Amino acid sequence: MLPEKYVFTYQGDGDLAAIGTAETIHCINRGENIMIIFINNAVYGMTSGQMAPTTLIGMKSTTSPYGRDEGFSGMPIKVSELIAPLKGAFYVTRQSVHTPNNVRKLKKAITNGFNYQKLKKGVTFIEVISNCPSNWKLTPVKSNEFIEKEMIPYYPLGDIKLPSKEDLNGLK
Ligand SMILES: Cc1ncc(C[n+]2csc(CCOP(=O)(O)OP(=O)(O)O)c2C)c(N)n1
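Described below are features of the structure shown in this document.

What counts, and at which threshold
- Every chain is numbered on its own, with residues counted from 1 as its sequence reads.
- Whole-chain, interface and lining totals are the exception, using all residues; otherwise, since this is a predicted model, local features are given only for residues with pLDDT of at least 70 and side-chain atom pairs are given and counted only at 80 or more.
- Side-chain metrics in this entry use all non-hydrogen atoms of the structure; hydrogen atoms and water are not considered.
- Here, nonpolar core means buried Ala, Val, Leu, Ile, Met, Phe, Trp, Tyr and Cys residues that are tied together by side-chain atoms lying within 4.5 Å of each other.
- Working definition: with a 1.4 Å probe on protein chains only, accessible area under 20% of the residue-type maximum means buried, over 50% means exposed, and in between means partly exposed.
- Here a strand is any run of E in DSSP of at least two residues, a helix any run of H or I of at least four, and the numbering for each starts at the N terminus.
- Every residue pair with non-hydrogen atoms within 4.5 Å of one another is taken to be in contact.
- At least two bridges found by DSSP between two strands is the condition for calling them paired.
- Crossover handedness is defined by viewing with both strands directed away from the observer: a clockwise path from the first strand over the helix to the second marks the crossover as right-handed.
- Axis angles are defined between N-to-C directions and span 0 to 180 degrees, where every axis is a line fitted to C-alpha atoms and, for a helix, only to the segment in contact.

1. Considerations on the nonpolar core
Inference 1: Leu16, Ile28, Ile36, Val79, Ile83 and Phe125 are the most contacted members of the largest nonpolar core, which totals 14 residues.
Inference 2: Of all the elements in the fold, those that place two or more residues in this core are α1 (13-19), α2 (21-29), β2 (35-40), α4 (79-83), β5 (89-96) and β6 (123-129).
Inference 3: Residues in contact with Phe125, not counting those within four places in the same chain, are Leu16, Ile28, Ile36, Phe38, Val79, Ser80, Ile83, Tyr91, Val92 and Thr93.
Inference 4: Counting 12 residues, the second-largest nonpolar core is a separate cluster that includes Ala42, Ile129, Met151 and Tyr155.

2. With respect to the pairing of β5
Within a regular beta strand, the side chains point alternately toward one face of the sheet and then the other, so they alternate between its two faces.
Inference 1: Extensive coverage of β5 is indicated by the burial of 8 of its 8 residues.
Inference 2: Pairing analysis gives 7 bridges linking β5 to β6, with the strands arranged parallel. Bridging from a neighbouring strand, Arg94 pairs with Glu127 of β6.
Inference 3: Assessed by its sense of winding, the connection that carries the chain from β5 through helix α5 (residues 100-117) to β6 is right-handed.
Inference 4: Two elements, β5 and strand β7 (residues 158-161), share 3 bridges in a ladder whose sense is antiparallel. Counterpart to Val92 in the pairing with β7 is Lys161.

3. Focus on the sheet that holds β7
The pairing of strands in a sheet happens through backbone hydrogen bonds and is either parallel or antiparallel.
Inference 1: Ordered in space as β1-β2-β6-β5-β7, the 5 strands form an open sheet in which the pairing is mixed. The two strands at the open ends of the sheet, each matched to only one other strand, are β1 (8-12) and β7. Across the sheet, the mean angle from the axis of one strand to that of its neighbour is 20°, orientation sign disregarded.

4. A look at the pairing of β6
Inference 1: Within β6, 7 of the 7 residues are buried, which leaves the element mostly enclosed by the surrounding structure.
Inference 2: Neither face of β6 is left uncovered, since the one carrying Val123, Phe125, Glu127 and Ile129 and the one carrying Thr124, Ile126 and Val128 both have all their residues buried.
Inference 3: Of the pairings in the sheet, the one linking β2 to β6 comprises 6 bridges and is parallel in character. Bridged to Ile39 within β6 is Val128.

Right, dumping it as structure tokens:
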């Protein structure tokens, strides 16, 4: 509707990877000129910690009180890897907020995401591995350790799809 504007969404994993999966995939497939910031904290946070598609195996939540079971719920979905092959996904990266250095890297990724929108070549998708101390029932410090030890081994950080040099022609 407003092609001259920068547009971004800020979405949790319950929202983006469960309730809104269809809309997310078709939006990216159409190559909408928006940035999606995808907060992966492995639970539905706002509604008090239900299992999300991203909940790790063995992780307890209000709807998986004995821990997520693969046989019952399947493996946690790696959304960035799932959407990266779509042509409409222009830039896909996974970052985290568990250390100051990671926050700096995330800021850079968000700047890239906005800059690439100038090219109008599709969705820029930034997954952010985030903590949820209240629903994880951990202190903030322990929740940062959980990200390092449990989340990142399954959700490795870094760029998943980068624009080519030719794609970036025209960006000053
Ligand atoms: C279609 C639809 N169903 C149910 C809800 C109710 N609802 C509001 S927030 C929320 C949970 C969101 O969890 P998540 O996306 O993981 O975000 P977080 O709170 O963790 O940031 C739900 C189920 C909704 N907003 N829309």
